[in-house]
Amino acid sequence: MADSIVKYTADGTTTDYSITFSYIARANVVVLVAGVVSTDFTFINDSTIQFNTAPALGSLVVIKRSTSTVPLVDFTDGSTLFEADLDLATQQAIYLSEEARDRAENSMELNDATGRWDAKTFRLSNIGEPQADDEVATRGFVNTSGASILAGAQGVRDQLYNLTTSMNSLPYGSAGYNVYNPTTGNLAFYLSEGPQGQAGPTGPAGSTGPQGPDGSEGPRGPQGVTGATGSTGPAGPTGLQGPTGLQGPTGSQGPTGQDGPQGSSGATGDTGPQGATGSTGPAGPTGDEGPTGATGATGPQGPQGATGATGSQGSQGNIGPTGPAGPQGSTGNTGAQGADGDAGPTGPTGPQGVAGATGPTGATGATGDQGATGATGSQGPTGSTGPTGSQGPQGVQGNAGPTGSTGVQGPQGSTGPTGSQGPQGNMGATPLGLAFGRFDINSDGELEIEYYGDADDNDFTINADGYLSVSTV
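Residues numbered from 1 in each chain as written. Predicted model: local features only at pLDDT ≥ 70, side-chain atom pairs only at ≥ 80, totals over all residues. Heavy atoms only, no water.

So, the sheet that holds strand E6 (residues 48-51)
- Pairing in this open sheet of 3 strands is antiparallel, and the strands run E2-E6-E5 from one edge to the other. A single partner strand is all that each edge strand has here, and the edge strands are strand E2 (16-18) and strand E5 (41-45). In this sheet, neighbouring strand axes are inclined to one another by 30 degrees on average, regardless of whether the strands run parallel or antiparallel. (Pairing = 2+ DSSP bridges. Helix = DSSP H or I, 4+ residues; strand = E, 2+ residues; numbered from the N terminus. Axes fitted to C-alpha atoms, helices over the stretch in contact; angles between N-to-C directions.)

This is how it looks when you write it as structure tokens:
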């Protein structure tokens, strides 16, 4: 609810209007009638004004507060602060903030739910004519543009009202075109003949039309002498086919006369209407499968398993494929063992001392007889691990063991992603893409075209010269 604005719709007789908000001075009260600032009023009291002449019926009366932005109180150093001065300064700030909020609420704002500007059911005015496609159009601009479009459409209608059409065939493979003469209103189509397609199944026979009336037979003249056969003259233009007369009764067979001269070929009648399209033939064989797409990228390496216990190091051989374990090779000769000192009695195990540095590994001596195992003493605390000694030289590589038999094949991996589709092949030969039937002008002056084939309304256009263009795929 506004705290600094009140609006009324005038009834043509009321002169007194209430001021529903407080203000600092009467000079801060602004009155507008139909959008124009008015001074034709007086204050009856601090909450009511009276117009000298009642505002006109239906006009909008707006009474709003416009507090001065000039500070009403000027504080100075060392002066005494009075409550009235503090209240006045605070009141001025509150009134200014209320007026700013009320004017913002009376303005267009962006709707948070729809993301669109909301005019709050009010109409817009003082809008310039649009210059770009994404600018707002006024009602006058729309009416002017609509009248211009309508005049252009009526001009096209007038050109097409007396349109006459003709169809002309071109040899197969020729580029089709059309010619329109605005002066005569003649529209001529020149279209390429298509190749002869396979005959579809015979459609159901249509109902027989009514028999035309039987024309009267003229008198038969005497047969003249047969003359020499002349050269065949050029074929005349094809005339319209007349209605078929009723079949007369069969007369008795007369004597066979001499052959008369061959008459000129009769005019060919109009082609009958096109039969219904046959049902679609069976689907052709499936084309060869396209090349296999490129192999997908190798997936990331799995985590490394835990390290097993370290065994005694032997001679390193080549790593072969893992198969069943082969027979164990013979043990190599053991080097001579150094002389052992006399074994003393086994005493209790003392605490383990700090490990010293590992010395170089000596040659392995011959294995002596194993002495009796002494009693195991109590285990002392584990000492800290000494530093690792340097690794000895690698021994001579042993002979590779025989290759084990091939293991059972593991399960087949999941199919990789399908490769990209290959380029589309060239289109084969097609019959004529468009065939025309009737051309009519309806009661609204619009051209109606009956056609068969792959086309839609967007394929028919009229260019700046008034020519009708037809574009098909």
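So much for the structure itself; the text now carries on.
A few points about the pairing of strand E12 (residues 186-192)
- As paired strands, strand E10 (residues 164-170) and E12 are joined by 7 bridges and run parallel to one another. Across the sheet, residue Ser166 finds its bridge partner in E12, namely Ala188.
- What sits between strand E11 (residues 177-181) and E12 in their antiparallel hairpin is a turn of 4 residues, with Gly185 showing a positive phi close to 75 degrees.

Re the sheet that holds E11
- A sheet is described by the order of its strands in space; here 3 strands give the open sequence E10-E12-E11, paired in mixed fashion. In the strand order of this sheet, the two ends are held by E10 and E11, each with one partner. The sheet shows a mean angle of 15 degrees between the axes of neighbouring strands, direction not considered.

Thoughts on the pattern of salt bridges
- In the structure shown here, the tally under the stated rule is 5 salt bridges.
- Of the charged contacts in the structure, one is a salt bridge between Asp46 and Arg26, with a shortest N-O distance of 2.9 Å. Pair noted here: Asp46 is in the loop between E5 and E6 and Arg26 is in the loop between E2 and strand E3 (29-33), with a separation of 20 residues, a long-range link.
- Notably, a salt bridge pairs Arg101 with Asp102, separated by 3.5 Å at the nearest N-O pair.
- Since its relative accessible area comes to 1%, Asp102 is described here as buried.
- Through salt bridges with shared partners, a single network forms among Asp3, Arg101 and Asp102. (Salt bridge = Lys/Arg side-chain N within 4 Å of Asp/Glu carboxyl O. Buried < 20%, exposed > 50% of the residue type's maximum accessible area, 1.4 Å probe, protein only.)

Some remarks on the packing of aromatic side chains
- As enumerated under the stated definition, the model contains 5 aromatic pairs in all.
- Judged by centre distance (5.6 Å) and plane angle (85 degrees), the ring pair of Tyr17 and Phe51 falls under edge-to-face. One end of the pair, Tyr17, is in strand E2; the other, Phe51, is in strand E6, and 34 residues separate them in sequence.
- Among the residues examined, Tyr17 registers a relative accessible area of 5% and is labelled buried.
- Here the aromatic rings of Phe41 and Phe51 are separated by 6.2 Å at their centres, their planes lie at 65 degrees, and the arrangement is edge-to-face. Here Phe51 lies in strand E6 and Phe41 lies in strand E5, a separation of 10 residues in the sequence. Each member of the pair Phe41 and Phe51 is classed as buried. (Phe/Tyr/Trp six-rings, centres within 6.5 Å; stacked < 30°, edge-to-face > 60°.)

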